[in-house]
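Residue strings, one per chain:
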Amino acid sequence: MLFGSIARSTPTLLRQGFKSRFHSSAFVGGKKVLATRLLLKESQERLEKQGFDLIQWPQDSSMPRETLLKDIKGAEGLICMLSDKIDKELIEAAGPQLKVISTMSVGYDHIDLQTARQNNVKIGYTPDVLTDATADLTVLLTLAAARHMKAGTRAAATGEWREWRPDWLCGYQFKNKTLGVVGMGRIGQAVAERLKAFGINRVVYWGRKEKPQLKESMGADFVSFDELLTESDFVVACCALTPETKEVFNYEAFSKMKKNAIFVNSARGGVVDQDGLVSALQENLIAGAGLDVTTPEPLSTDHPLFKLDNCVILPHIGSATIEARETMGDMCIDNVVAALDDKALPFELKN
């Protein structure tokens, strides 16, 4: 456990062009706040200067459920992670004084929003800060899957690297190819802009609605899902997990793709039917896949996807840059400070 000392809050840090919309100078000393993880260095130092009666899990692991249920009692603020289950039991265990739950994530599937509303608990989150980090990683996965990075690194390390061979580990270039993006929000657009620099000459997308401005800004065409699947050389999932997108990438969808298609998912594991993906890769219906998200997480090490040379898997690290995570920590602190000072949350989940 860590306990903060009483102090005035420091101004919100500015990081890599991101500017917070909130600055606090309110006294919040003595009010109990529970944090389920240590933050990164600078945001952690700032958290400890707020003057909270700070209870914080110090180990590099999820806070045990029984400890969380015990330590949440009497807390006015909670800083949690995507891996924490914030359900009715936990919210009611905190007591009626709980004012805010601030999650260090864009997603909020782990929070019982209905119970929070019934108990007048505000929900803070960290929107609009992950775009560049996640887009960068999505491009990395696309390149890795297209150029056999998994098999190549293994070959270099294990002695498979022998004399030059014309057809060994040949992958696919991007020049004059078509990119299909499912979910053309901020991240999808950032991915498309980055991959265009590699020579992509056509961008198509599918989502809830057409965005006419994208035709002018990047020449992107709004098409049906089936058309995207059949025409794209690279298919990237950047969409939210909704009833409409749940397991939308199934065996049938993969069967419609080109044989040389590369599929990448940096959105949510639930948009993919993983059994269907395994079959598609084993049967060479598509050339390869790159995944930053799976179902469940973490994925069992004996899962068939790990055994495939044409599937690159990362442990959900889309936002894992120092810049992004420090800013996310600052946003969580801003939300808690505001709530405990009875002010509006600067990064509040409204729905």
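Here the residue numbering is sequential within each chain, running from 1 through the sequence in written order. Thresholds applied to this predicted model are a pLDDT of at least 70 for local features of residues and 80 or more for the giving and counting of side-chain atom pairs; totals over whole chains, interfaces and linings are not thresholded and use all residues. Only hydrogens and water are set aside when side-chain values are computed; all heavy atoms of the structure are taken into account.

Asks: A description of the nonpolar core should follow, citing residues and the corresponding values.
Replies: Phe249, Phe254, Met257, Phe263, Leu277 and Leu305 are the most contacted members of the largest nonpolar core, which has 32 residues in total. Breaking this core down by element, the ones donating at least two residues are β7 (202-206), α9 (225-231), β9 (234-237), α10 (251-256), α11 (274-282), β11 (288-291) and β12 (311-313). Helix numbering and strand numbering both begin at the N terminus, where a helix is a DSSP run of H or I of at least 4 residues and a strand a DSSP run of E of at least 2. With four residues, the top contributor of residues to this core is α11. Beyond its immediate sequence surroundings of up to four residues, Leu277 is in contact with Phe254, Phe263, Val272, Ile286, Ala289, Leu291 and Leu305. In this text, buried Ala, Val, Leu, Ile, Met, Phe, Trp, Tyr and Cys residues form a nonpolar core when linked through side-chain atoms within 4.5 Å. Burial classes: relative accessible area under 20% of the type maximum marks a residue as buried, over 50% as exposed, and values in between as partly exposed (1.4 Å probe, protein chains only). By size, the runner-up hydrophobic cluster in this structure holds 27 residues, among which are Val139, Leu141, Ala145 and Phe234. Residue contacts are counted whenever heavy atoms from the two residues lie within 4.5 Å of one another.

Asks: Requested: an account of the packing of aromatic side chains, with residues and values cited.
Replies: Put simply, two rings from Phe, Tyr or Trp (the six-membered ring, in Trp's case) pair if the centres are within 6.5 Å, and we call them stacked under 30 degrees between planes, edge-to-face over 60, tilted for the rest. Within the structure shown, the criterion is met by nine aromatic pairs. Summarising the aromatic geometry, the rings of Phe174 and Phe234 are spaced 4.5 Å apart at their centres and angled 15 degrees between planes, so their arrangement reads as stacked. Placement of the pair is Phe174 in the loop between α6 (149-158) and β6 (178-182) and Phe234 in strand β9, with a sequence separation of 60 residues. A relative accessible area of 5% places Phe174 in the buried class. Three or more aromatic residues joined by ring pairs make a cluster, and in this case those are Trp206, Phe225, Phe249, Phe254 and Phe263. The rule for a charge over a ring is simple: NZ of Lys or CZ of Arg within 6 Å of the ring centre, and within 35 degrees of the ring normal. Positioned above the aromatic ring of Trp168, the side-chain terminus of Arg165 is 4.1 Å from the ring centre.

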